[in-house]
Amino acid sequence: MTSWIGGGCDGSESGRDEISRTHSAPILAREREVAKTAAINALLTRPIGILPAKVGDPASPFALGLWNDVRPLLKPEVSVSALRA
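None of these values were measured; they are calculated from a predicted model.

Chemist: Looking at this model, I keep getting lost on the overall build of the chain. Mind explaining?
Modeler: Check the secondary structure of the chain and you find 2 helices and 0 strands. Burial statistics for the chain: of 85 residues in total, 16% are counted as buried. Looking at the chain as shown, the accessible area adds up to about 6800 Å², and 59% of this sits on carbon and sulfur atoms.

Below you can see the structure in the form of structure tokens.
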């Protein structure tokens, strides 16, 4: 049997699950995400636009392969492992 999040083990779905993700409201950045953005941007030679700049900005999904675009932006004195912390 397949288990669906929010649905029964029989695969039935509750009304809540019938709402498509494409119709849901955007996820907005909170103080925590903005603080993380500031910490990441401090390690880079320039800020990256995909990250939220202020509370209430939409939080964009990261694309696969984004690491290859961000890595060259690291400041010379910053180790790549700093982004994992």
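Chemist: How do you make sense of the environment of glutamate 31 when you look at a structure like this?
Modeler: Among the structural elements, glutamate 31 can be located in helix α1 (residues 31–42). Given a relative accessible area of 66%, glutamate 31 falls into the exposed group. Residues glutamate 31 and glycine 56, 25 residues apart in the sequence, show an inter-C-alpha distance of 8.8 Å.

Chemist: Just checking my understanding: could you explain the side chain of asparagine 41 for this structure?
Modeler: With respect to the helices and strands, asparagine 41 occurs in helix α1. Overall, the relative accessible area of 19% leaves asparagine 41 in the buried class. Dropping the residues within four chain positions of it, asparagine 41 is found in contact with Pro47, Ile48 and Leu51.

Chemist: Looking at this structure, how should I read the environment of aspartate 69?
Modeler: With respect to the helices and strands, the residue aspartate 69 is situated in helix α2 (residues 66–70). In this structure the C-alpha to C-alpha distance between aspartate 69 and isoleucine 48, which are 21 residues apart in sequence, comes to 9.6 Å.

Chemist: I'm lost on α1 in this one. Help?
Modeler: An α-helical turn contains 3.6 residues, so a residue and the one three or four places further along point in the same direction. Compared with the 16 Å implied by 1.5 Å per residue over 12 residues, the 17 Å span of α1 between its first and last C-alpha is a close match. Taken residue by residue, α1 has Val34, Thr37 and Asn41 as its buried positions. Buried residues of α1, seen end-on, are gathered within an arc of 55° and therefore sit on one face of the element. In α1, the exposed positions angled more than 90 degrees off the buried face are occupied by Glu31 and Arg32.

Chemist: Help me out: how do you make sense of the environment of alanine 25 in this one?
Modeler: Checked against the element boundaries, alanine 25 lands in the segment before α1. Classification of alanine 25 as exposed rests on a relative accessible area of 64%. Distance from alanine 25 to proline 58, taken between C-alpha atoms, is 9.7 Å for residues 33 residues apart in sequence.

Chemist: Please clarify how the pattern of salt bridges should be interpreted in this entry.
Modeler: Pairs can form between side chains of opposite charge once their charged atoms are near each other. Enumeration according to the criterion identifies 2 salt bridges in this entry. A salt bridge links arginine 30 to glutamate 33, with the nearest nitrogen and oxygen atoms 2.8 Å apart. Among the ionic pairs, aspartate 57 bridges to lysine 54, the shortest N-O distance being 2.9 Å. Take aspartate 57: its relative accessible area is 15%, and that puts it in the buried class.

The rules behind the values
- Within each chain, residues carry numbers counting from 1 in the order of the written sequence.
- Where totals are concerned, whole chains, interfaces and linings use all residues; where local detail is concerned, this predicted model gives features only for residues with pLDDT of at least 70, and gives and counts side-chain atom pairs only at 80 or more.
- Computation of side-chain values covers all heavy atoms of the structure but excludes hydrogens and water.
- Secondary structure elements are defined from DSSP: runs of H or I of at least 4 residues count as helices, runs of E of at least 2 residues count as strands, and each element is numbered from the N terminus.
- The cut-offs for exposure are 20% and 50% of the maximum accessible area for each residue type, with area from a 1.4 Å probe on protein chains only; residues under the lower value are buried, those over the upper are exposed, and the others partly exposed.
- For every accessible area listed, the method is Shrake-Rupley and the probe measures 1.4 Å; residues are considered covered only by the protein chains on display.
- Two residues form a contact once any of their heavy atoms are found within 4.5 Å.
- Here a helix's expected span is defined as the number of its residues, less one, multiplied by 1.5 Å.
- Regarding the arc, it is the one traced by the directions from the helix axis to the C-beta atoms.
- By convention in these notes, a salt bridge is any Lys or Arg side-chain nitrogen within 4 Å of a carboxyl oxygen on Asp or Glu.

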